[in-house]
Amino acid sequence: MHPRGSFVSPLLSGVFCQCRSEEYQGSDPGGGRTLGSATSLSEHRHDESCDPSHHCPVCGGPEQEHRLKVLFQILDVNRDGGICVNDLTIGLKKLGVHRTEHELKKILKAGDKDLDGQLDFEEFVHYLRDHEKKLRVVFKSLDKKNDGRIDSQEIMQSLRDLGVHISEEQAEKILKSMDKNGTMTIDWNEWRDYHLLHPAENIPEIILYWKHSTIFDVGESMVVPDEFTAEEKKTGMLWRHLVAGGGAGAVSRTCTAPLDRLKVLMQVHASRSNTMGFAGGFAQMIREGGLRSLWRGNGINVLKIAPETAIKFMAYEQIKRLIGSNQETLGILERLVAGSLAGAIAQSSIYPMEVLKTRLALGRTGQYSGIVDCAKRIFKKEGLTAFYKGYVPNMLGIIPYAGIDLAVYETLKNSWLQRFAKDSANPGVFVLLACGTMSSTCGQLASYPLALVRTRMQAQATQEGSPQMTMTGLFRHIVQTEGAIGLYRGLAPNFMKVIPAVSISYVVYENLKITLGVQSR
């Protein structure tokens, strides 16, 4: 507990009903008096185990709601019913809390749901309660001894798990910045008090466990890149993660290649007059080229993982700097913009490999002797522009895929964190697999018509006698001749490969992490 007279935030670390303090009654909540003087007179403490709906015997209102109203009034300096950056600057200084203008803007941005440039009381409460849940997850994970306190050894261990090694003296300096009562340990109240109005939108503990695009490979490369902690970047663990993810993707794609080739064949050749089912499609491929033909086009599909992953990640980091973010993590909208642009840059760089993959998958036995032969023939017969057929629908498909995949994954992640993350942010294998599978499936469903049109445009030159159509012309032709269902040809094998692809890539990723020496908790 804090000794009397010390600074205690009334919001999270000391849950008071301020009406119990005679000195506070009738005073201006926005006055220059420090909180310590008011709280030192209050004998009414309310620890974290208490019922938040407990009624105050003086005012009759719920204590938690009352203390939040009091703090809101203190921070609402100009009394207009909303807290702006200027209010936060002045109000927090009165409470002895110092934040930079950039941090205050981040707080406002995170909580301002109606985008009016200020926080009303409802937005203020929602931001703080959501933030408290995240802080509790981190505190629990740092408290290795489960004694309700964090000491220097626990800080050292937690940072060591992140790949950062510090001395005990450095750990004690970190402790002193938060320790208010001189015990050289931090309890939950001190932890909350220190981090209360800090604009963390995502926390390193959560980033560590909730990797998404790095772990799961479903054959599409349109997902927004994962966030990495500053420690992972500094220690080089980041590149080990990416190498492990690339290796997992290679194994996953190879294992599901027959389904991927069947999807391409159905996208290009299936129609009302030429129905192609699973059994018929596989039988046709085996009859034409034997079992080996089921993996036709997989080589180039695996080869493009490394350059695409590297280009996308480097572009993502550069775009983050260009949009002015010095933070460890971005907000959802910023991540979508940066991730989509990075994806577009990466796809533009390796797009000729996408065209080669489609042509090889559709090729007959003996038509091409290999990847280089295929590229030479396309260039000689159709010219350089052939390597960018279908480029426009491919670029347009990035936004719905990345946007929906990110939104669904973040929604599922935050829902789990709020409901079930009591002791750790680690969701476990099955929750992670379920979230990854659902978000990838939703993203693919949204962008699938564009993916189908892209594949047909890539394959147009292989269909002799067929007119060369534009993207809009092909859309109209498919809808007129096959109906809306024609835009979803090959969807079944595409969805069938999601669960095995996610599962295989996760298992391989975890094993490669161990081999590469990636730190895990």
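All values derive from a computational prediction rather than experimental measurement.

Novice: Give a description of the overall build of the chain that names residues and reports values.
Specialist: When helices and strands are counted, the chain shows 22 helices and two strands. Of the contacts made within the chain by residues no fewer than 6 positions apart, 71% connect residues no fewer than 24 positions apart. As presented, the chain carries roughly 23,500 Å² of accessible surface, and 59% of it is formed by carbon and sulfur atoms.

Novice: Quick one: what's the story with the packing of aromatic side chains, residue by residue and with numbers?
Specialist: Summed over the entire model, instances satisfying the criterion amount to six aromatic pairs. Considering the side-chain rings of Tyr351 and Tyr388, the 5.8 Å spacing of their centres and the 25° angle between planes classify their relative orientation as stacked. With Tyr351 in helix H16 (residues 332–362) and Tyr388 in the loop between helix H17 (371–382) and helix H18 (391–420), this residue pair connects regions lying 37 residues apart in the sequence. A relative accessible area of 36% places Tyr388 in the partly exposed class. Taken together, the aromatic side chains of Phe72, Phe121 and Phe124 make up a single cluster linked through ring pairs.

Novice: Which residues make up helix H12 (residues 257–269), and what values go with them?
Specialist: With 13 residues, H12 extends 18 Å from end C-alpha to end C-alpha; this agrees with the ideal 18 Å at 1.5 Å per step. Of all 13 residues making up H12, 12 are buried, and the element is well covered by its neighbours. Along H12, the residues that are buried comprise Ala257, Pro258, Leu259, Asp260, Arg261, Leu262, Lys263, Val264, Leu265, Met266, Gln267 and Val268. Where the residues of H12 are buried, they touch helix H11 (237–255), helix H13 (278–289), helix H14 (298–303), H16, helix H19 (429–459) and helix H21 (491–496).

Novice: Give me H11: which residues, what numbers.
Specialist: Compared with the 27 Å implied by 1.5 Å per residue over 19 residues, the 27 Å span of H11 between its first and last C-alpha is a close match. Among all positions in H11, only Met237, Leu238, His241, Leu242, Ala244, Gly245, Gly246, Ala248, Gly249, Ala250, Ser252 and Arg253 are buried.

Novice: An account of the nonpolar core is needed here, citing residue identities and associated values.
Specialist: By size, the foremost hydrophobic cluster in this structure holds 19 residues, and its most contacted members are Leu75, Ile83, Leu88, Leu104 and Phe124. With 13 residues, the next largest nonpolar core counts Leu142, Ile150, Ile155 and Trp188 among its residues.

Novice: Describe in detail a nonpolar patch on the surface, supporting the description with residues and values.
Specialist: Where nonpolar side chains cluster on the molecular surface, the patch consists of Leu333, Val337 and Leu341 and spans about 280 Å² of accessible area. Within the secondary structure, Leu333 sits in helix H16.

Novice: Run through the environment of Trp239, naming residues and quoting values.
Specialist: Positionally, Trp239 belongs in helix H11. Separated by 71 residues in the primary sequence, Trp239 and Ala310 place their C-alpha atoms 9.2 Å from one another.

Novice: So what's going on with the pattern of salt bridges? Residues and values would help.
Specialist: By the definition in use, this model includes 12 salt bridges. Of the charged contacts, one joins Arg377 and Asp373 as a salt bridge, the two residues approaching to 3.3 Å between their closest N and O atoms. Of this pair, Arg377 and Asp373 both sit in helix H17, separated by four residues, roughly a single helical turn. A salt bridge links Glu482 to Arg456; the nearest nitrogen and oxygen atoms lie 3.4 Å apart. Placement of the pair is Glu482 in helix H20 (residues 471–482) and Arg456 in helix H19, with a sequence separation of 26 residues. Each member of the pair, Glu482 as well as Arg456, is classed as buried.

Novice: Give a description of the environment of Met178 that names residues and reports values.
Specialist: Summarising the element assignment, Met178 is placed in helix H7 (residues 168–178). Separated by 12 residues in the primary sequence, Met178 and Glu190 have C-alpha atoms spaced 6.4 Å apart.

Cut-offs and rules
- Residues numbered from 1 in each chain as written.
- Predicted model: local features only at pLDDT ≥ 70, side-chain atom pairs only at ≥ 80, totals over all residues.
- Heavy atoms only, no water.
- Helix = DSSP H or I, 4+ residues; strand = E, 2+ residues; numbered from the N terminus.
- Contact = heavy atoms within 4.5 Å.
- Areas by Shrake-Rupley, 256 points an atom, 1.4 Å probe, with all protein chains shown as cover.
- Phe/Tyr/Trp six-rings, centres within 6.5 Å; stacked < 30°, edge-to-face > 60°.
- Buried < 20%, exposed > 50% of the residue type's maximum accessible area, 1.4 Å probe, protein only.
- Expected span 1.5 Å × (residues − 1).
- Core = buried A, V, L, I, M, F, W, Y, C linked by side-chain atoms within 4.5 Å.
- Patch = residues over 30% accessible without salt bridge, like charges linked within 9 Å, V, L, I, M, F, W, Y side chains within 5 Å.
- Salt bridge = Lys/Arg side-chain N within 4 Å of Asp/Glu carboxyl O.

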